[in-house]
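Coordinate inspection notes
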Amino acid sequence: MEIFDLTIHELHEKLQAKELSSVEATRAMLARIEAVDDKVNAYITVTPEQALAEAEAADKRIAAGDIATLTGIPVGLKDIFITKGIRTTCGSKILSNFIPPYDGTAVARLKERGAVIVGKLNQDEFAMGSSNESSYFGPVKNPWNLECTPGGSSGGSAAAIAARTATATLGTDTGGSIRQPASHCSCVGLKPTYGRVSRYGVIAYASSLDQVGPLTRDVTDAAIMLGAVAGYDQMDSTSVNTPVPDYVAGLGAGVKGLKIGLPSQYFIEGLDPDVKRAMDEAIALYKSLGAEIREVSLPHTEYAVATYYIIATAEASSNLARYDGVRFGHRTEDARGLAQMYAKSRAEGFGSEVKRRIMLGTYALSSGYYDAYYLKAQKVRTLIQQDFLNAFQEVDVLLTPIAPTPPFKIGEKLADPLQMYLSDIFTIPVNLAGTCGLSIPAGFSAAGLPIGLQLIGKPFDEQTILSTAYSFERETQWHQKTAPL
Amino acid sequence: MKITRAEVEHVAKLARLDLSDPELDTLTVQMDSILTYVEKLNALDTDGIVPTSHAVPMENAFRPDERKDSIGVEAALANAPQRAESFFRVPKVIE
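Residues numbered from 1 in each chain as written. Chains lettered and ligands numbered in written order. Predicted model: local features only at pLDDT ≥ 70, side-chain atom pairs only at ≥ 80, totals over all residues. Heavy atoms only, no water.

**A closer look at the packing of aromatic side chains**
Residues and elements named next belong to chain A. In this structure the tally under the stated criterion is 17 aromatic pairs over all chains. Aromatic pair Trp 144 and Phe 444: ring centres 4.9 Å apart, planes at 50°, arrangement tilted. Residue Trp 144 is found in the loop between β3 (116-121) and α5 (155-162), and its partner Phe 444 is found in strand β10 (residues 436-444); the two are separated by 300 residues along the sequence. Neither Trp 144 nor Phe 444 differs from the other in exposure class; each is buried. Plain terms: the ring middles of Tyr 308 and Tyr 309 are 4.8 Å apart, the flat faces sit at 80° to each other, and that makes the pair edge-to-face. An identical accessibility class is assigned to Tyr 308 and Tyr 309; each is buried. Put simply, the rings of Phe 98, Phe 126, Tyr 323, Phe 328 and Phe 350 pair up and form one aromatic cluster. (Phe/Tyr/Trp six-rings, centres within 6.5 Å; stacked < 30°, edge-to-face > 60°. Helix = DSSP H or I, 4+ residues; strand = E, 2+ residues; numbered from the N terminus. Buried < 20%, exposed > 50% of the residue type's maximum accessible area, 1.4 Å probe, protein only.)

**Quick look at the sheet that holds strand β1 (residues 43-46) of chain A**
Residue and element names in this part refer to chain A. Strand order in the open sheet formed by 11 strands is β1-β3-β2-β4-β6-β5-β10-β11-β9-β7-β8, and the pairing between neighbours is mixed. Of all strands in the sheet, those bounded by a partner on one side alone are β1 and β8 (292-296). Averaged over all pairs of adjacent strands, the angle between strand axes in this sheet comes to 30°, irrespective of strand direction. This element, helix α4 (residues 105-112), spans β2 (74-78), β3, β4 (168-173) and β6 (211-216) of the sheet and lies at about 175° to β2. (Pairing = 2+ DSSP bridges. Axes fitted to C-alpha atoms, helices over the stretch in contact; angles between N-to-C directions. Contact = heavy atoms within 4.5 Å.)

**Quick notes on the pattern of salt bridges**
Residue and element names in this part refer to chain A. On inspection of all chains with the given rule, the structure shows 24 salt bridges over all chains. Here Asp 280 and Lys 276 are joined by a salt bridge, their closest N and O atoms 2.9 Å apart. Pair noted here: Asp 280 and Lys 276 are both in helix α8 (residues 273-288), with a separation of 4 residues, about one helical turn. Classification of Asp 280 as partly exposed rests on a relative accessible area of 36%. (Salt bridge = Lys/Arg side-chain N within 4 Å of Asp/Glu carboxyl O.)

**Focus: the environment of A:His330**
All names here are of chain A. With respect to the helices, strands and loops of the structure, His 330 is situated in the loop between α9 (304-319) and α10 (338-349). For His 330, a relative accessible area of 21% corresponds to the partly exposed category. Residues His 330 and Ile 94, 236 residues apart in the sequence, show an inter-C-alpha distance of 4.7 Å. With residues near it in sequence (within four places) discarded, His 330 still touches Lys 93, Ile 94, Gly 325, Ser 345, Glu 348 and Gly 349. At 2.7 Å, the side chain of His 330 and the side chain of Glu 348 are in polar contact. (Polar contact = N/O pair within 3.5 Å; in protein donor to acceptor, adjacent residues only side chain to side chain.)

**Quick notes on α10(A)**
An ideal rise of 1.5 Å per residue puts 16 Å on 12 residues; α10(A) measures up with 16 Å between its terminal C-alpha atoms. Looking at the buried positions of α10(A), the neighbouring elements they touch are α11 (352-365) of chain A. (Expected span 1.5 Å × (residues − 1).)

**Quick notes on the environment of B:Gln82**
On the secondary structure map, B:Gln82 appears in the loop between α3 (73-77) and β1 (83-84). We classify B:Gln82 as partly exposed; its relative accessible area is 38%. Taking C-alpha positions, B:Gln82 is 21 Å from B:Leu17, a pair spaced 65 residues apart along the chain. Non-local contacts of B:Gln82, meaning those with residues more than four positions away in its chain, are made with A:Arg331, B:Phe87, B:Phe88 and B:Arg89.

**Concerning the interface of chain B and chain A**
Each partner contributes residues to the interface: chain B has 54 residues there, and chain A has 61 residues. Carbon and sulfur atoms supply 68% of the area buried between chain B and chain A, which totals about 5100 Å² over both sides. Counting the surface chain B buries against chain A, the share from its top three residues, B:Leu41, B:Thr52 and B:Asn79, is 12%. Here chain B is connected to chain A by 2 salt bridges. We note a salt bridge from A:Lys355 to B:Glu23, for which the minimum N-O separation is 2.6 Å. Taken together, the links from chain B to chain A amount to 17 residue pairs in polar contact (both at pLDDT 80 or more). Contributing elements (two or more residues each) for the side of chain B that touches chain A: α1 (5-14) and α2 (21-38) of chain B. (Buried area = accessible area lost by both parts, 1.4 Å probe.)

Listed below in structure tokens is the structure:
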């Protein structure tokens, strides 16, 4: 097994036993990026000098006996995370030269623990997309099949795990942007409860939905990463001040007597037969492990996509007003007067998906339409959240597919934005409800493409979905398969 | 039609986006299709439902009003497309 194949916990053991140094591990990862990233395009920016300096610092810490689980581990960050002195583009032309003056909280917490940042990962522009095709820096290819998308918007973060070009990564999830690419690339991806991880220093898309989370090789690594970044932060007034449990210590809880709910609205006709089969196998496995399976109802599921594309675009149109060519970012060279400078800088700097969402959001918030669209969507959001609270009166976790189909081909859904939006039907409701969900590898289609399983938990009960996923992982080998790169 | 090309042009002005004619044409078709789709929300009776603007029930988050260091003028201006002394430079505001 190569160094770049190791999980965080495996690499940590080797670093602790001094079988390996962080500099060696980091060099191996940088060489791996050099060898395969041309094919995958997971990275926008690779940072070898900083990474090796951080690795040397980590080795000093380890030599002094000061080692945390993440000390010396090579990690990658979605390019939505502000990084001091390292270009941060958010996948957009408008930020293609932006060098932030500070680190966001999640990044600072990784660095405090001695993690080594190897680079910034490709993504859909401003996290708007389900396929990574909206990046200004070109599409990411799925390491399992280079003709397919890796999903989005954290496609680079997922593809880097599958391509073995980072030991672990951070992504963000607004409507499925961690879980869906994790599913399409056969890795573990966790979207924590809204408020669990600080959003300070994360470039905003839809502020009431955005949440930071890890993408990893296995469930233990996801628990390690969540434990590192979770917790209250004074710099994010929406972060919630509840204690962060030791997620790793709680992984072995098992599923005996656990009540797992199957929302009938997620097991509909039109679900790809390979996806259906993978779900049936997972359900059978959980039954055999002593879990109690119950059907539940989330009656407002069919309204989630419409609700999301009003709320998210409205918030985006407001958040993205800051890109005006004044203080940072692209400024047009061709403008007379201030108003024209704003409009031309934005038109030149944003790609078509971002423009489309700004336009939809501006329309939904505009005079005369606010009540019909935005207020209506906020009310339906209440009904969707209530569905989940009702279901969690009856069961402990929900089990669903992540996506209706395995990964689709690059270009396949570009012509019809609505079809692209509808592919997020099983992940969006979790963001609207504000609760937590994860994706875990659950099989492959007949064509050899990954299929993910979603476990949805009660608000702030990441521990139960992690331990439920861990029980599944111990009985299956899907997470050990490697992409044919 | 849920939205006309003239309305799309108006929204582009509100959004401060200088869009080309082909972009406006495409957006008129796409926004119409998406707005038609979201009409389905009208099938739901939401009278008396309290709107959710935030997933976690929360009061105002207060902190002590204490002096802290800021990033400083040079760091704040480092990404400025154009600067003059300690200011962001912009085109003339009033013609």
